[in-house]
Amino acid sequence: MQIYNDHHNVRANTAHAEMDAVAWIGLGLSLLGLAAFGAYTAFFLAGFINDLMA
């Protein structure tokens, strides 16, 4: 029975690690998305202000 428990714990830990990896990848992608959106917005505003100043 102990062997079964050890095996079950290993599987549970592996699933947990995979969930952590998915969470980190999701976080990284959303941060990249925010950075890209921020850069796009900054360029758009810069161009808009440039047009106003001209």
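Per chain, the residues get numbers from 1 upward, laid out in the order the sequence is written. Given that this is a predicted model, residues contribute local features only at a pLDDT of at least 70 and side-chain atom pairs are listed and counted only at 80 or more, while totals for whole chains, interfaces and linings are drawn from all residues. The basis for the side-chain values is all heavy atoms of the structure; hydrogens and waters are excluded.

K.L.:
Honestly, the overall build of the protein chain in this entry has me stumped. Any pointers?
P.N.:
Numbered from the N terminus, helices here are DSSP runs of H or I no shorter than four residues, and strands are runs of E no shorter than two. Along the protein chain, the regular secondary structure elements total one helix and zero strands. The buried label applies to any residue whose accessible area, calculated with a 1.4 Å probe on protein chains only, is under 20% of its type's maximum; exposed applies above 50%, and partly exposed to all values in between. A total of 54 residues make up the protein chain; the buried ones form 0% of that total. Carbon together with sulfur atoms contributes 74% to the accessible area of the protein chain, which is approximately 5000 Å² in total. We get accessible surface area from the Shrake-Rupley algorithm with a probe of 1.4 Å; when it comes to residues, only the shown protein chains can shield them.

K.L.:
Even after reading the chapter, I still don't get the packing of aromatic side chains, so can you show me in this structure?
P.N.:
Two numbers describe a pair of aromatic rings. These are the distance of the centres and the angle of the planes. Pairing of aromatic rings covers Phe, Tyr and Trp, the last counted by its six-membered ring, and requires centre-to-centre distances within 6.5 Å; plane angles under 30 degrees mean stacked, over 60 mean edge-to-face, and any other angle means tilted. Within the structure shown, the criterion is met by one aromatic pair. Aromatic side chains F44 and F48 sit 6.4 Å apart centroid to centroid with 10° between the ring planes, which places their arrangement in the stacked category. Taken together, the residues F44 and F48, both in helix α1 (residues 2-53) and four residues apart, mark about one turn of the helix. By relative accessible area, which is 53% here, F44 ends up exposed.

K.L.:
Even after reading the chapter, I still don't get a nonpolar patch on the surface, so can you show me in this structure?
P.N.:
Together, Y40, F44, L45, F48, I49, L52 and M53 make up a nonpolar patch on the protein surface, roughly 830 Å² of accessible area in all. In this fold, L45 is placed in helix α1. Each patch groups residues whose relative accessible area exceeds 30% and which form no salt bridge, using 9 Å between like charges and 5 Å between nonpolar side chains of Val, Leu, Ile, Met, Phe, Trp and Tyr. Between Lys or Arg on one side and Asp or Glu on the other, a salt bridge is scored when a side-chain nitrogen of the former is within 4 Å of a carboxyl oxygen of the latter.

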